[in-house]
Amino acid sequence: MASWNVRLSGVDERLFLALLSRRRPWMDRLMRAVTVLAEPPVIIAIALVLASGALPGIAPVGLEALVVLTISHGMVQIIKRLAIRPRPRLPVGVQSIVQAPDRFSFPSGHATAALAVALPLVGVLSAGVTAVVLCLAVAVGVSRCYLGLHYPGDVVSGWGLATITWAVGHFAWFA
């Protein structure tokens, strides 16, 4: 089991460093802007607007998004405190672009939140809008690695947590 964990950590570290090595000033600005979409005040506001009925026909899935966001966020906080994986250490010469919100890395709460709100919308939006929403959710996760806040495994785990939370909730209560 230990060798599996070491190999997985090695892959995670190599992917993280490869992404950091591709930083560009214009991408720094873009990734800072994208990551804000899943900051707690922003993602909660988005979910509340969707659930409020402000957009015709979206309220039921908005409520679903709000529920999935709430449950998955609670799970993220529990897992972070059980796993206690520290944030990645940036290599010498690589500057931090944004401040980490806490000391825990696994799983990525931003990646989880973005997908938790995006997935319920899949069935009610047009194909083009759905593609944009899902791409933005994925971009939030990528931004967390690019900014040096998470390893790729943290982000993929967050996406998995959001997907499982949505699937269980959707098929058990909302279908």
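In this text the structure is predicted, and so the values were computed from the model without any measurement.

Enquirer: Help me understand the packing of helix H4 (residues 59-83) against helix H5 (residues 109-118), please; the structure alone is not making it clear to me.
Expert: Relative orientation and spacing of two packed helices are given, respectively, by the angle between their axes and the distance between those axes. Interhelical geometry of H4 versus H5 gives an angle of 160° and a closest axis separation of 8 Å. Taken together, the axis directions place H4 and H5 in an arrangement best described as roughly antiparallel. For the element pair H4 and H5, the recorded crossing hand is right-handed. Of H5, the residues touching H4 (which contributes Ala65, Val68, Leu69, Ser72, Val76 and Lys80) are Gly109, Thr112, Ala113, Ala116 and Val117. Tallied by class, the residues present in the contact of H4 with H5 amount to 7 nonpolar, 3 polar and 1 charged.

Enquirer: Looking at this model, I keep getting lost on the packing of aromatic side chains. Mind explaining?
Expert: Ring pairs (aromatic) are described by centroid distance and by the angle formed between their planes. Considering all chains together, one arrives at 1 aromatic pair under this definition. When the ring centre of Tyr146 is taken as origin, the NZ or CZ atom of Arg23, which lies over that ring, is 5.8 Å away.

Enquirer: Got a minute to help me understand the pattern of salt bridges in this structure?
Expert: Where charged atoms from two side chains of opposite charge come close, those side chains can pair. Applying the stated rule across the entire model yields 3 salt bridges. Linking Asp12 and Arg85 is a salt bridge whose minimum nitrogen-to-oxygen distance equals 3.0 Å. Placement of the pair is Asp12 in helix H1 (residues 2-20) and Arg85 in the loop between H4 and H5, with a sequence separation of 73 residues. A cluster of three or more residues bridged by salt bridges with shared partners is formed by Asp12, Arg85 and Asp154.

Enquirer: Just checking my understanding: could you explain unusual backbone geometry for this structure?
Expert: Glycine aside, residues mostly have negative phi angles, and peptide bonds mostly take the trans form. With an omega of -10°, the peptide bond running from Phe106 to Pro107 counts as cis. By the secondary structure assignment, Pro107 is in the loop between H4 and H5. Even without a glycine there, the phi angle at Ile84 is positive, about 50°. Structurally, Ile84 can be placed in the loop between H4 and H5.

Enquirer: Can you walk me through H4 in this structure?
Expert: An α-helix turns once per 3.6 residues; consequently, residues spaced three or four apart project the same way. In this model H4 runs 35 Å from its N-terminal to its C-terminal C-alpha over 25 residues, within 8% of the 36 Å that 1.5 Å per residue would give. Buried within H4 are the following residues: Val61, Gly62, Glu64, Ala65, Val68, Leu69, Ser72, Val76 and Lys80. Two residues or fewer past H4, Ile84 is found with a positive phi of approximately 50°.

Each value, and the rule that gives it
- In this numbering scheme, every chain counts its residues from 1 along its sequence in written order.
- Confidence filtering applies because this is a predicted model: local features only for residues at pLDDT of at least 70, side-chain atom pairs given and counted only at 80 or more, and all residues used for totals across whole chains, interfaces and linings.
- Side-chain figures throughout are based on the complete set of non-hydrogen atoms in the structure, without hydrogens or water.
- Fitting a line to C-alpha atoms yields each axis, with helices limited to the stretch in contact; the angle taken between N-to-C directions then spans 0 to 180 degrees.
- Strands are runs of DSSP state E lasting at least 2 residues, helices are runs of H or I lasting at least 4, and numbering of each runs from the N terminus.
- Note on terminology: angles under 35 degrees are roughly parallel, angles over 145 are roughly antiparallel, angles of 65 to 115 are roughly perpendicular, and the others are oblique.
- Two helices crossing with the near one rotated counterclockwise from the far one by less than a right angle form a left-handed crossing, whereas a clockwise rotation gives a right-handed crossing.
- Contact between two residues is taken to exist if any of their heavy atoms lie within 4.5 Å; hydrogens are not considered.
- When residues are sorted by character, Ala, Val, Leu, Ile, Met, Phe, Trp, Tyr, Cys and Pro go into the nonpolar class, Asp, Glu, Lys and Arg into the charged class, and all the rest, Gly among them, into the polar class.
- Each Phe, Tyr or Trp ring, with Trp reduced to its six-membered ring, pairs with another whose centre is within 6.5 Å; inter-plane angles below 30 degrees give stacked pairs, above 60 give edge-to-face pairs, and intermediate values give tilted ones.
- Only Lys NZ and Arg CZ are tested; either one counts as a charge over a ring when it is within 6 Å of the ring centre and within 35 degrees of the ring normal.
- When a carboxyl oxygen of Asp or Glu is within 4 Å of a side-chain nitrogen of Lys or Arg, the pair counts as a salt bridge.
- Each helix should span, by expectation, one fewer than its residue count multiplied by 1.5 Å.
- Burial status follows relative accessibility: with a 1.4 Å probe on protein chains alone, a residue under 20% of its type maximum counts as buried, one over 50% as exposed, and anything between as partly exposed.

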